[in-house]
Amino acid sequence: MKKNFLYLLLLVVALSAGSCRRAVEKAADKVRFLGVEKVERQGLTGAEVVVRIDNGSGHNLTLSSAEIGIYYGNSRVGTVLLCDPVTVPRRTLQSLATRWRLQISDPLALYLLARKARDGEFGQVFVSCAVEGRGGPAPVKFSREKMPLSDFLNTFGLSIQDVENYLK
């Protein structure tokens, strides 16, 4: 009898976990990144990036931390950090200002990257990222290691040409 009860309990837990996962995926389908509206430099190592977000879900979305590592070849050029947590209220379409800070790891690699960027050569630029936040009751945490810049930008509907325009 105890054995059957244990199997029943495990089945209920497995089914409820699956339905929670489907609920999270369903809510994620209602969240859309619509693009970058403005990038404004602030000093030598800061930037304000205004993005357009459509949160059609019934939950507030919070981005509590984000870290983006920038690499040229095998050298880590620097790290871009989110300065302050940001929240998108539920069922809203809004422009959201985010503040970012650049920490330079290798000034010579930064110089080389800037020179190559001016020439439109982004083939050796890679990005790593680590993001934490909440989507309502569900914590969100993901990371990617050294993916090509073009793949990273495609995630947000951006292109290398967009980066070149922001760097001008």
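As the structure is a computational prediction, the values presented were derived from the model and not from experiment.

Scanning the protein chain from terminus to terminus reveals four helices and eight strands. Moving toward the C terminus, one meets the helices and strands of the protein chain in the order α-β-β-β-β-β-β-α-β-β-α-α. Across the 168 residues in the protein chain, those meeting the buried criterion constitute 30%. In the protein chain, once contacts between residues fewer than 6 apart in sequence are set aside, the share between residues at least 24 apart is 57%. Put simply, the protein chain shows about 11,100 Å² of open surface, and 58% of that area lies on carbon and sulfur atoms.

A few words on the nonpolar core. In this structure, Ile68, Trp100 and Phe152 are the most contacted members of the largest nonpolar core, which totals 29 residues. At the level of secondary structure, the elements contributing two or more residues to this core comprise strand S2 (46-55), strand S3 (61-72), strand S4 (75-82), strand S5 (86-88), strand S6 (92-104), helix H2 (107-118), strand S7 (125-135) and helix H3 (149-155). Those residues in contact with Phe152, other than ones at most four positions away along the chain, are Ile68, Val127, Cys129 and Met147.

In this section: unusual backbone geometry. One non-glycine residue, Arg91, lies in positive phi territory at about 50°. Turning to its location among the elements, Arg91 is positioned in the loop between S5 and S6. Since its relative accessible area comes to 57%, Arg91 is described here as exposed. Here Lys146, not a glycine, exhibits a phi torsion of approximately 35°, which is positive. Looking at the element boundaries, Lys146 is found in strand S8 (residues 138-148).

The next subject is the pattern of salt bridges. Evaluation of the coordinates by the stated rule reveals seven salt bridges. In this structure, Arg76 and Glu67 form a salt bridge, with 3.8 Å as the shortest nitrogen-oxygen distance. The exposure class of Arg76 is partly exposed, given its relative accessible area of 29%. Measuring nitrogen to oxygen at the nearest pair gives 3.4 Å for the salt bridge that ties Lys116 to Glu121.

In this fold, Thr79 is placed in strand S4. A distance of 2.9 Å separates the side chain of Thr79 from the side chain of Arg76, its partner in a polar contact. Among all residues touching Thr79, those that are not within four sequence positions of it are Glu67, Ile68, Gly69, Arg101, Leu102 and Gln103.

Going through the model one piece at a time under the given rule, you end up with zero aromatic pairs. Geometry around Tyr71 places Lys146 over its ring, the cationic atom sitting 5.0 Å from the centre. In this arrangement the basic side chain of Lys146 is found over the ring face of Phe126, its NZ or CZ atom lying 5.8 Å from the centre.

Mapping Thr92 onto the fold places it in strand S6. Thr92 sits in the partly exposed class, given a relative accessible area of 22%. If near-sequence neighbours (up to four positions away) are discounted, Thr92 is found in contact with Ile53, Asp54 and Asn55.

What counts, and where the lines are drawn
- Residues numbered from 1 in each chain as written.
- Predicted model: local features only at pLDDT ≥ 70, side-chain atom pairs only at ≥ 80, totals over all residues.
- Heavy atoms only, no water.
- Helix = DSSP H or I, 4+ residues; strand = E, 2+ residues; numbered from the N terminus.
- Buried < 20%, exposed > 50% of the residue type's maximum accessible area, 1.4 Å probe, protein only.
- Contact = heavy atoms within 4.5 Å.
- Areas by Shrake-Rupley, 256 points an atom, 1.4 Å probe, with all protein chains shown as cover.
- Core = buried A, V, L, I, M, F, W, Y, C linked by side-chain atoms within 4.5 Å.
- Salt bridge = Lys/Arg side-chain N within 4 Å of Asp/Glu carboxyl O.
- Polar contact = N/O pair within 3.5 Å; in protein donor to acceptor, adjacent residues only side chain to side chain.
- Phe/Tyr/Trp six-rings, centres within 6.5 Å; stacked < 30°, edge-to-face > 60°.
- Lys NZ or Arg CZ within 6 Å of the ring centre and 35° of its normal.

None of the figures reported here should be taken as evidence of function without further support.
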